[in-house]
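The chain contents come next:
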Amino acid sequence: MDQWLSVIRAARFAGVTRGELQARIKCGDLPSFDGMIRVEDLLKVYPTTRLEDERTLERLDRIKAAALGTDIVRRSLPEPEVLARRLSALGHRFNRVQQQAEHYAGVLEALESHLRHLERTCSEAACSVVRDIKLRMQSMLHHEQDGSGAPAEGVSWLSVMAPQVRLLPSNHEFLVEGTDTVLQAALRAGLSIRYGCSDGHCGECKARIVSGEVREVHPHGYELSAAEKAQGHALMCAVSPVTDLVVEMDVARTPEQIPVQSIDARVRAIEHPGAHVLVLRVRTPGTHRLRFLGGQYVRLSLDGGQVRGMASLANCPCDDRNLVFHLAEDRDDPFTAHCFKRLREGDEIHVEGPLGDFVIGDEIERPLVFLACDTGFAPIKSLIEHVIALDVAHTMDLIWVSGGSVGHYEDNLCRSWDDALDDFHYRPGRVGAVGDPGAWRAAIAGSLARVGDALGRDYYIAGPTHFIEAATDVLGRLGVPEAHLRIQRIPPPA
Ligand code: FES
């Protein structure tokens with residue numbers, strides 16, 4: 001019997017990104033039917049895949065851990081109680097399969113006995129047909145015992161360690177690891193599902209479970225009505241799957257689908273990776289996190305609303321509580337001047353957003369080129385981390401050009417992406433004559449020449465106005481259509 005895997009599971013077993021697998025499907029290397037891949041076909045394309053060997057599964061985790069700076073492997077164990085429920089569910093499944101197998105063995109035995117009887121009693125011509133049927137049956141049974149149709153132990157192992165969730169109607173899939181709730185796992189997978197408080201009080205994350213079993217892992221104050229419970233509704237911030245799930249829940253794909261939120265937060269840390277650049281870390285309350293898409297920006301208010309400014313988010317939307325901003329020193333701007341001189345850890349800060357449409361869709365069709373200048377790196381970093389979480393892109397180039405005193409203040413992070421991700425290329429650049437537009441154009445054109453064929457790619461450009469003008473001019477001369485460009489001015493517009 002054929003074994004089938006969803007794309008997300010097949011990617012995990014092969015130790016590649018979902019984007020790479022989808023590219024192989026698209027170009028016809030790997031057949032797929034209704035979003036499912038036959039194990040036999042996967043093994044032909046990735047012969048080193050071992051379904052029973054978790055080492056291939058860990059490879060992608062290691063890449064993500066290196067790229068996002070999180071210890072994914074350590075938190076991948078489920079709670080003992082959840083694990084026990086999953087093992088019990090798996091045991092029931094095996095019992096059912098065993099009963100079916102015994103039933104089919106009985107049917108086969110009866111069939112063989114009937115064929116033997118026919119062989120003894122029928123005419124010579126009919127006997128040859130009977131013998132042919134027997135031979136075919138033996139050959140097919142032998143083929144099954146060879147192992148080509150044997151159950152894939154790894155598939156069962158993965159469903160215990162990391163059940164899969166499929167969202168309807170979008171058909172997005174993700175795995176739930178460790179003690180994660182469905183909401184946490186969706187966010188880690190880069191998916192913006194609907195939610196509010198994250199701790200079981202607002203009811204915003206309520207969704208209908210179409211199939212599968214969940215277990216409550218967090219207490220919640222929001223009470224579902226008896227009718228909702230009967231229909232299979234549950235709070236996604238409070239439950240973890242016991243088995244694979246299908247859930248009815250929309251995924252936000254565009255900025256318009258995410259409401260503007262207003263949050264009182266606190267400054268968690270202020271870092272100075274360079275003399276003229278500041279990294280501001282802000283923590284929201286646990287019950288009021290910021291839902292956003294990678295690349296968006298917010299309005300920040302300090303000093304009881306006396307000082308305001310716009311800043312791009314520099315972190316992945318998968319971490320909706322620990323917000324990060326990069327600010328370049330600008331003495332003429334009261335907001336940045338306040339941040340550099342007066343802001344202290346623990347200060348109150350009001351966050352309003354998200355704003356802007358400098359975002360990435362979840363269906364990435366072309367290789368991505370990111371062009372950043374100075375702290376234009378902030379929204380680009382957020383986008384790259386979002387793409388890594390979504391696990392969909394197969395080729396990314398990052399060109400980070402610095403002209404003045406800001407420099408490549410997160411150079412090590414970019415190099416770690418270059419090392420950890422198969423098709424990621426980091427190309428830092430410098431401009432000496434910062435007042436000369438020709439020097440900017442030359443630096444950008446030089447870096448783009450190393451990327452290769454300019455057409456057929458999508459470009460994300462973030463930086464001050466002079467950089468955006470230079471980049472769009474160079475890309476226009478190369479014939480890149482405007483529809484392939486996304487632009488974010490730094491600082492973002494008020
Ligand atoms: S997000 Fe508020 S109850 Fe789940």
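Residues numbered from 1 in each chain as written. Predicted model: local features only at pLDDT ≥ 70, side-chain atom pairs only at ≥ 80, totals over all residues.

### Notes on the overall build of the chain
For the chain, the count of helices and strands is 14 helices and 22 strands. Burial analysis of the chain (494 residues in total) assigns 38% to the buried set. Long-range pairs, those at least 24 residues apart, make up 72% of the contacts in the chain between residues at least 6 apart in sequence. (Helix = DSSP H or I, 4+ residues; strand = E, 2+ residues; numbered from the N terminus. Buried ≥ 20, exposed ≤ 12 C-beta atoms within 10 Å, placed from the backbone. Contact = placed C-beta atoms within 7 Å.)

### Observations regarding the packing of helix 13 (residues 437-451) against helix 14 (residues 465-477)
The description of two helices packed together rests on the angle between their axes and the distance between the axes. At their nearest, the axes of helix 13 and helix 14 sit 9 Å apart, and the two run at 55° to each other. Overall, the two elements helix 13 and helix 14 adopt an arrangement that is oblique. Relative to helix 14, the crossing made by helix 13 is right-handed. Note on element contacts: helix 14 touches helix 13 through H466, F467, A470, A471, D473 and V474, opposite P437, W440, R441, I444, A445 and L448. Across the contact of helix 13 with helix 14, the residue classes break down as nine nonpolar, one polar and two charged. (Axes fitted to C-alpha atoms, helices over the stretch in contact; angles between N-to-C directions. Parallel < 35°, antiparallel > 145°, perpendicular 65-115°, else oblique. Left-handed = near helix turned anticlockwise from the far one by under 90°. Nonpolar A, V, L, I, M, F, W, Y, C, P; charged D, E, K, R; others polar.)

### A short note on the sheet that holds strand 19 (residues 396-402)
Pairing within the open sheet is parallel, and its five strands lie in the order 20-19-18-21-22. In this open sheet, the two strands that pair with only one neighbour each are strand 20 (424-430) and strand 22 (485-489). Across this sheet, the average inter-strand angle for adjacent strands is 10°, counted without regard to direction. Sheet topology places strand 18 (residues 368-373) next to strand 19; six bridges connect them, and they run parallel. Looking at strand 19, one finds that L371 is bridged to I399. Of the strands in this sheet, strand 19 and strand 20 are in contact with helix 12 (residues 411-420), which crosses strand 20 at around 150°. (Pairing = 2+ DSSP bridges.)

### What about the confidence of the model for the chain?
On average, residues of the chain score 86 in pLDDT, and 89% of them are at 70 or above. Note that pLDDT drops below 50 for residues 53-57; the model gives that stretch eight contacts with residues more than four away or on any other chain. Confidence drops under a pLDDT of 50 for residues 146-151, and excluding neighbours within four residues, the segment shows five contacts in the predicted structure. (pLDDT = per-residue confidence, 0-100.)

### Here's the deal with the sheet that holds strand 3 (residues 164-168)
Through backbone hydrogen bonds, the strands of a sheet pair up, either in parallel or in antiparallel fashion. As summarised here, the arrangement of the five strands in space is 4-3-10-6-8, forming an open sheet in which the pairing is mixed. The outermost strands of the open sheet, each flanked by one partner alone, are strand 4 (173-175) and strand 8 (233-235). Ignoring which end each strand starts from, the neighbouring axes of this sheet average 35° apart. Sheet analysis places strand 6 (residues 206-211) next to strand 8, joined by three bridges and oriented antiparallel. Note on strand 8: the bridge partner recorded for K206 is L235. Running at roughly 45° to strand 4, helix 1 (residues 7-14) makes contact with strand 3 and strand 4 of the sheet.

### Things to note about the packing of helix 1 against helix 2 (residues 18-26)
Relative orientation of the contacting elements helix 1 and helix 2 amounts to 110°, with a least axis distance of 9 Å. Considering their axes alone, helix 1 and helix 2 lie roughly perpendicular with respect to each other. Taken together, the residues of helix 2 that come into contact with helix 1 (itself represented by V7, I8, A10, A11 and A14) are R18, L21 and Q22. In the contact of helix 1 with helix 2, the residues fall into six nonpolar, one polar and one charged.

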